[in-house]
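Each chain, written out:
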Amino acid sequence: MLTVDHITKRYGDLVALDGVSFSVAPGELFGFVGSNGAGKTTTMRIILGVLSSDGGEVRIDDKPVDFATRQTIGYMPEERGLYPKMKVGDQLAYLAQLHGLNPADAQTAVHRWAERLEIEDKLGKELQALSLGNQQRVQLAAALIHDPKVLVLDEPFSGLDPVAVDVMTDVLRDKANAGVPVIFSSHQLDLVQRLCDRVGIIKAGKIRANGTVDELRSQGKRQLAIGIVGGDASWAPSTPGVQLVGHRAENGRHIILELDPGVDDQAVLHEALQVGPVTHFASHVPSLTEMYREVVSA
Ligand SMILES: Nc1ncnc2c1ncn2[C@@H]1O[C@H](COP(=O)(O)OP(=O)(O)OP(=O)(O)O)[C@@H](O)[C@H]1O
């Protein structure tokens, strides 16, 4: 279990993190999302110990992270940071040995991960000769090479093609299934919604929401999606406590309404039927992207 407990961090006058707390259980994939500058990288660097916090504590299995436990974390930093001129195979083997593997085990690990991440033919090349996506696969291999007990990945999906996204997704899912707590940051909310067991939303250094994707999506007001043949897109019922909040282009045009507590949806249906034949009438669960927009704009 990875626990981040009331972490604070200042850069001069700027409060970058203001009491950030969350935990990631063994086997859980935790998506860490937030706008540019919200505090994701700062949090991850503090988890790794490459940056110190001003307050709070990071624990693994309820013990404060020390040098030895830090060695058991696999980290993919945002700034990447492998050696551009070193051959991929050599630097993966070197990193594995830095984490305590003997040379033979290091070679085994290099070939196992190179095969899994489909970069076997890149092992003899300098890192700088690889495309950015392939460099990213090497970065992931570097984070995994010592069989980490915790995985912390800063925007691992940025810049990947769809096939590489699938490879990365499968590896992260497998690691989580093997009991590793996995945390990664991303701006690709559709991917986070699909992949993560739990999501934390950070805004201006504070966690604003934390829960399963379903929990987050079911927060907020009750919404209805209504499709009316020939309906005017700007139409909204006059029933009190109903607001038009959006549209969805699905099987024609659906309007999305938000209902205050206690509003009778049958009264809304009755009104809609006055406008034209109703072809769709269902509760609407906001996507993580819609939910995220609401949280960060609040
Ligand atoms: N070394 C530093 N010195 C001063 N301010 C910093 C430093 N590093 C980060 N900050 C500031 O701290 C805040 C949080 O930055 P951080 O990099 O953690 O955000 P982020 O959520 O990772 O953003 P992004 O999505 O753009 O990567 C920002 O306002 C940033 O400008």
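Predicted model, so just to flag it, every value in this text is computed and none were measured.

Participant: Give a detailed account of the overall build of the protein chain, specifying residues and quantitative values.
Facilitator: Tallying secondary structure elements over the protein chain gives 10 helices and 14 strands in all. Seen through its principal axes, the protein chain has C-alpha atoms that stretch 75 × 45 × 35 Å. In the protein chain, buried positions account for 35% of the 298 residues. Here the contacts in the protein chain between residues at least 6 apart in sequence split such that 69% fall between residues at least 24 apart.

Participant: Describe the packing of helix α3 (residues 88-98) against helix α4 (residues 103-116), and please don't skip the residues or the numbers.
Facilitator: Across the interface, α3 lies against α4 with an axial gap of 9 Å and an inter-helix angle of 125°. As judged from the angle between their axes, α3 and α4 are oblique. α3 and α4 meet at a crossing whose hand is right-handed. Judged by residue contacts, G89, L92, A93, A96 and Q97 of α3 engage P103, A106, Q107, A109 and V110 from α4. Looking at side-chain class alone, the contact of α3 with α4 contains 7 nonpolar, 3 polar and no charged residues.

Participant: Describe helix α5 (residues 132-144), and please don't skip the residues or the numbers.
Facilitator: Three- or four-residue spacings in an α-helix give side chains the same orientation, since the helix completes a turn every 3.6 residues. Over its 13 residues, α5 runs 18 Å from end to end, which matches the ideal 18 Å to within 8%, given 1.5 Å per residue. The buried fraction of α5 amounts to 10 of the 13 residues, a majority that puts the element mostly inside the structure. For α5, the set of buried residues is N134, Q136, R137, V138, Q139, L140, A141, A142, A143 and L144. Where α5 is buried, its residues touch β6 (73-76), α3, α4, β7 (150-153) and α6 (162-177).

Participant: Describe the site of the ligand, listing the residues and the values that go with them.
Facilitator: Taken together, Y11, L14, A16, G34, N36, G37, A38, G39, K40, T41 and T42 make up all the residues around the ligand. Counting residues per element, the shell around the ligand draws most heavily on helix α1 (residues 40-48), which supplies 3 residues. The class makeup of the residues in the shell around the ligand is 4 nonpolar, 6 polar and 1 charged.

Participant: Give me the pairing of β7: which residues, what numbers.
Facilitator: Residues of β7 alternate between two faces, with V150 and V152 on one and L151 and L153 on the opposite face, all of them buried. Pairing of β6 with β7 involves 4 bridges; the strand directions are parallel. Among the inter-strand pairings, G74 is bridged to a residue of β7, identified as L151. Taken together, the 3 bridges between β7 and strand β8 (residues 182-185) define a ladder with parallel strand orientation.

Participant: Explain unusual backbone geometry to me, and be specific about the residues and the numbers.
Facilitator: The backbone of D62 shows a phi angle near 70°, a positive value even though the residue is not glycine. If you trace the backbone, D62 turns up in the loop between β4 (55-60) and β5 (63-64). The exposed category is assigned to D62, around which 7 C-beta atoms lie within 10 Å. If you check the backbone angles, A204 has positive phi at about 45° while not being a glycine. The topology assignment puts A204 in the loop between β9 (198-203) and β10 (206-212).

Participant: Would you mind going over the nonpolar core in detail, with residue names and values included?
Facilitator: With 66 residues, the main nonpolar core has V110, A141, I145, V152 and V182 as its most contacted residues. No other element matches α5, which puts 6 residues into this core. For this core, the domains that each give at least three residues are domain 1 (2-217) and domain 2 (220-297). Counting 7 residues, the second largest nonpolar core, distinct from the first, contains I226, I228, I255 and L257.

Participant: Describe the confidence of the model for the protein chain, listing the residues and the values that go with them.
Facilitator: Within the protein chain, residue pLDDT values average 91, and 99% of them lie at 70 or more. Scored as a whole, the predicted complex attains pTM 0.85, and scored at its interfaces, ipTM 0.97.

Participant: Tell me about the sheet that holds strand β3 (residues 29-34), and name the residues and values.
Facilitator: With mixed pairing, the 6 strands of this open sheet are ordered in space as β6-β7-β8-β3-β9-β10. Because the sheet does not close on itself, it has two edges, and the strands there are β6 and β10. Direction aside, the axes of adjacent strands within the sheet are offset by 15° on average. Where β3 and β8 come together, 4 bridges link them in parallel fashion.

How each quantity is defined
- Residues numbered from 1 in each chain as written.
- Predicted model: local features only at pLDDT ≥ 70, side-chain atom pairs only at ≥ 80, totals over all residues.
- Helix = DSSP H or I, 4+ residues; strand = E, 2+ residues; numbered from the N terminus.
- Buried ≥ 20, exposed ≤ 12 C-beta atoms within 10 Å, placed from the backbone.
- Contact = placed C-beta atoms within 7 Å.
- Axes fitted to C-alpha atoms, helices over the stretch in contact; angles between N-to-C directions.
- Parallel < 35°, antiparallel > 145°, perpendicular 65-115°, else oblique.
- Left-handed = near helix turned anticlockwise from the far one by under 90°.
- Nonpolar A, V, L, I, M, F, W, Y, C, P; charged D, E, K, R; others polar.
- Expected span 1.5 Å × (residues − 1).
- Near = placed C-beta within 6 Å.
- Pairing = 2+ DSSP bridges.
- Core = buried A, V, L, I, M, F, W, Y, C linked by C-beta atoms within 7 Å.
- Domains from an automatic or database assignment.
- pLDDT = per-residue confidence, 0-100.

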